[in-house]
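# Working through the structure, step by step
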Amino acid sequence: MTARWRRCRLLISAVGGAAALFCGPVGAVTPPSVPAASNPALARLTAQFKLASHTAKCDPTASSLRPSGPPAVTPGSYMARIKKRGYLIAGVDQTSYHFGYLNPLNGQLEGFDIDMVRAVAAAIFGNPKNRIRFVAISNGQRMWAVRSREVDIVAHTDTINCYRLTRVAFSTVYLVAAQRVLVPLSSSAKSLNNLWGQKVCATAGSTSLSFLADYFGLPAEVSPLVGAPQSIDCLVLLQEGKVAAISTDDTILAALKAQDPETKIIGPPLNSQPYGLAISLKHPDFVRFVNAVLAKMRADGQWAASYRHWIGTRVPAPPPAHYRD
Amino acid sequence: MTAGSAVVLVPHAGAGQRGAVLRRVSGMITPGTTPAKLRLLLVGLLALFVIWGTAAALTVAAHASAAANVVGVSEPLSVDAQQIYRSLSDADATEAAAFLSGGLEPLQLRRRYQDDIARAALRLEVATAAAGNSAAGSRFAALAASLPVYTGLVETARANNRLGLPLGAAYLRQASNLMRATLLPAARDLYTQENGQLAAADRQATGFPYIALVLAVITGSGLLWAQVWLTRSTNRLINPGLLLASIAGLVTLIWLATALSLAAAHLMSARDRGSAPVEALARADIAALRGHADESLTLIDRSGDDSFQKDFLSLQQRLGPGQGTLLTAAANGAQGSPGGRLAASAARTAAGWYAVHKRVRSLDDSGHYSAAVQLAIGSQPGDSGDFFGRLDTELGGAIAADQAAFRTAALAGQSDLAGLETGVIVLSVLMAAGCTWGIFRRLADYQ
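Let's shift gears to the overall build of chain A. From N to C terminus, chain A includes 11 helices and 14 strands. Here chain A holds 325 residues, and 55% of them are scored as buried. For chain A, the proportion of contacts with a sequence separation of at least 24, taken over those separated by at least 6, is 76%. Summing over all exposed atoms, chain A offers an accessible surface of approximately 13,200 Å²; the carbon and sulfur share of this is 56%.

Printed below as a string of structure tokens:
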């Protein structure tokens, strides 16, 4: 991730926000016209890529640590350090409508992910007001932000998978999404299969992009194909006619659709994306604490209230918590 | 003049045969006889006057056209380029600040942005027309073509912003990207180029007229020697014709020297008290604008990536005040110029701005985001926005004052050369006429 990612980051900074729309050659995946199998070199690269991303065998939905009771800031714990510091540092998205976005009307970060962070801060400080330092990061920055411990926690529509579990720790699943496809209303495509040979946009560093690469037999990490830095940038590209479709989690697609009524979501759910809050592997006490907060939210209706407010009025049961220990 | 001397050379040459004319001419210049020597002297002096007159007139023409170029073309284009660069930088900084203040941006920021764009568009149109088909012209045109793309992105961003959609921010980032990666570098190159052109025209207009001076010495000594020789060989003390020619020559020389040195002095003062301080001030002003945009963008970006803040700090280093910094250089350069007082006070304001910026950063770093934003964009006394506003006003005022000073001095320099070219030609003809008349009077003694 580093070299290209660095370049993206530089561009992000050069542009005033994150319009690193141009940090990759094209912000989209172009499926090849030749199937990967007929190209030995490409097939070999694909095999290598699959090996790299799918070696670890695990159950992403049951890989977190069991809380040791209700959330409590125990002396000497990482939570105590956060409390002493005076604020929680959270890595969030500020561009994902309804999940983590800067509401331009009041200048506040809002969304479902932000609610999760506020709940954690509330459990540490009592009142989360002015107790959170938000760091806006892109999809590609999530793993790095946690591993470098520049942030305490990442709430950023982050899919738990086996590869990522070797790099960071995750909370229990707090939402389950599924990858689908967004196209303009005028598009005749019925599913991803109709989009062969056309540009499909996904967020760089996302599981959506890896899935697309797999689906089309293209190695995302070894090929020069890169997604846009933020899912919202994909919508800009779609509106400017530079890509034919966007493929990412249905939750995010619904948020994009809400910003552009001239679009529609097509095709069946392509996979299952369990979201978790990412925390450093070095802070297992904090993982247990956050899981305790989530367990409380599931039980007292806070999770359902947040879901109703941001995602939809037909509130499902919260994803059940499964622990590995 | 040449036709006249030909008549003198062969005064009696009619329609006779060519050989006869040649014999006659060679007879006239038979060495030894005084009339032959007189004729030779006349030819020599007239040739000298033609060369001197032509060289002097050409020198004056070159200086006058360079001065006219400075006043009429280079300086306006340089001012245009500077204004375009400034307006675009200001639009970028203003839009970032407006975005930071929420969906309904303050009216005065919106107006300022609109004024910036209108000014840049107007200047671009004027400059494109003035630059014609030159390389600068096509660059002006390319800038003019990108401007509507930028404003289009900004307006899309605004429309989405008003609906409370983060899509607005995505369009704004794209607009800011276009501005910082394409428009501003092009504007900066153009300004550098136009400034170079101005300096070159300025050098040409104030250059030392070596050739004219050498020719003046040669012509003057020729004329003096001719009069000494005439006095010796004809026993007459004064030849009125040659005296007239000498006086005309002296008048030419004095006029030429006075006008050229006055013009050079005026143009140098225009440069030292006008365009040079303006350039230093403009560089400081644009660096300050970029710093202001960085301050807003750090708050908008919140990416945990401190590159905008790093950029601000490096700009702070470059801006100063302090040894070798832009503001100190501008204040020193502007010392004694009309903008000197404002430039000196800008250096003091900048120090206050940095102090407030530090508070903005510590507020943001400790999680007090709203307070940090308020301090950054607020216009109450003591807010960062207020300090920057004052800095910008002072630098802008100093630039305007020094640009006016430049224009006055450069126009004075141009008017110093008025009528000189015609004067030099008329006086050279007078020298030739006086010389011809004077020598013909001596020749008449021998016929």
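Let's shift gears to the nonpolar core. Note that soluble globular proteins tend to have their nonpolar side chains buried in a common cluster. Of all hydrophobic cores here, the largest spans 135 residues; its most connected members are Leu88 and Phe286 of chain A together with Leu88 of chain B. Mapped onto the domain boundaries, this core takes at least three residues apiece from domain 1 (3–37 + 58–175 + 275–310) and domain 2 (176–272) of chain A. Other than its neighbours up to four places away in sequence, Phe286 of chain A contacts Tyr78, Met79, Ile82, Leu88, Val120, Ile124, Asp152, Ile153 and Ile279 of chain A. Formed by 45 residues, the second largest nonpolar core is a distinct cluster that contains Leu46, Val70, Leu260 and Ala270 of chain B.

Once that is clear, we can look at a positive patch on the surface. Residue and element names in this part refer to chain A. A cluster of like positive charges, contributed by Arg81, Arg147, Arg149, Arg167 and Lys282, occupies part of the molecular surface. Among the structural elements, Lys282 can be located in the loop between strand E14 (278–279) and helix H10 (284–300). According to the relative accessible area criterion, Lys282 is exposed, its value standing at 57%.

A few words now on the state of the cysteines. All names here are of chain A. Counting across every chain of the model gives 2 disulfides over all chains. Put simply, Cys58 and Cys162 are joined by a disulfide, and their sulfur atoms are 1.9 Å apart. Looking down the S-S bond of the Cys58 and Cys162 bridge, the torsion is -95°, so its handedness is left-handed. In this pair, Cys58 sits in the loop between helix H2 (40–54) and helix H3 (78–85) while Cys162 sits in helix H6 (residues 162–165), placing the two residues 104 residues apart along the sequence. The exposure class of Cys58 is partly exposed, given its relative accessible area of 36%. The class for Cys162 is buried, based on a relative accessible area of 15%.

All names here are of chain A. Reading across the sheet, the 4 strands line up as E10-E11-E9-E12 and stay open at both edges, with mixed pairing between neighbours. In the strand order of this sheet, the two ends are held by strand E10 (200–201) and strand E12 (263–266), each with one partner. Bridge count for E10 against strand E11 (residues 245–249) is 2 bridges, and the pairing is parallel. Residue Cys201 lies in a different strand from E11, and its bridge partner there is Ile246.

Moving on: the packing of aromatic side chains. Overall, the coordinates contain 16 aromatic pairs over all chains when judged by the stated rule. Ring centres 6.3 Å apart and planes at 50° place the aromatic pair Tyr174 of chain A and Tyr275 of chain A in the tilted group. Note that Tyr174 of chain A is positioned in the loop between strand E7 (169–170) and strand E8 (175–177) and Tyr275 of chain A in strand E13 (residues 273–275), a separation of 101 residues in sequence. Residue Tyr174 of chain A shares its accessibility class with Tyr275 of chain A, and that shared class is buried. Ring geometry for Phe312 of chain B and Tyr354 of chain B: centres 6.4 Å apart, planes at 90°, overall edge-to-face. Linking Phe312 of chain B in helix H9 (residues 307–319) with Tyr354 of chain B in helix H11 (residues 340–365), this pair joins segments that are 42 residues apart in sequence. Comparing Phe312 of chain B with Tyr354 of chain B shows no difference in burial state: the two are buried. Clustering of aromatic rings is evident, with ring pairs tying together Phe99, Phe112, Tyr174, Tyr275, Trp303 and Tyr307 of chain A. Its guanidinium or amino end placed over the ring of Tyr87 of chain A, Arg85 of chain A lies 5.8 Å from that ring's centre, counting from NZ or CZ. For the cation-ring pair, Arg390 of chain B lies above Phe387 of chain B, with the distance from its terminal atom to the ring centre recorded as 4.9 Å.

Let's shift gears to the pattern of salt bridges. Evaluation of the coordinates by the stated rule reveals 20 salt bridges over all chains. Between Asp158 of chain A and Arg164 of chain A there is a salt bridge, and its shortest N-O distance comes to 3.0 Å. Arg164 of chain A carries the same exposure label as Asp158 of chain A, and that label is buried. Ionic pairing is found between Arg86 of chain B and Asp285 of chain B, a salt bridge with its closest N-O pair at 2.5 Å. Of this pair, Arg86 of chain B sits in helix H3 (residues 34–100) while Asp285 of chain B sits in helix H8 (residues 240–301), and the two are 199 residues apart along the sequence. Asp285 of chain B gets classed as buried once you look at its relative accessible area, which sits at 0%. A cluster of three or more residues bridged by salt bridges with shared partners is formed by Arg86, Asp90, Arg112, Asp285 and Asp392 of chain B.

Rules behind the numbers
- Residues numbered from 1 in each chain as written.
- Chains lettered and ligands numbered in written order.
- Predicted model: local features only at pLDDT ≥ 70, side-chain atom pairs only at ≥ 80, totals over all residues.
- Heavy atoms only, no water.
- Helix = DSSP H or I, 4+ residues; strand = E, 2+ residues; numbered from the N terminus.
- Buried < 20%, exposed > 50% of the residue type's maximum accessible area, 1.4 Å probe, protein only.
- Contact = heavy atoms within 4.5 Å.
- Areas by Shrake-Rupley, 256 points an atom, 1.4 Å probe, with all protein chains shown as cover.
- Core = buried A, V, L, I, M, F, W, Y, C linked by side-chain atoms within 4.5 Å.
- Domains from an automatic or database assignment.
- Patch = residues over 30% accessible without salt bridge, like charges linked within 9 Å, V, L, I, M, F, W, Y side chains within 5 Å.
- Salt bridge = Lys/Arg side-chain N within 4 Å of Asp/Glu carboxyl O.
- Lys, Arg positive; Asp, Glu negative; His and termini not counted.
- Charge placed at Lys NZ, Arg CZ, Asp CG, Glu CD.
- Disulfide = S-S within 2.5 Å.
- Pairing = 2+ DSSP bridges.
- Phe/Tyr/Trp six-rings, centres within 6.5 Å; stacked < 30°, edge-to-face > 60°.
- Lys NZ or Arg CZ within 6 Å of the ring centre and 35° of its normal.

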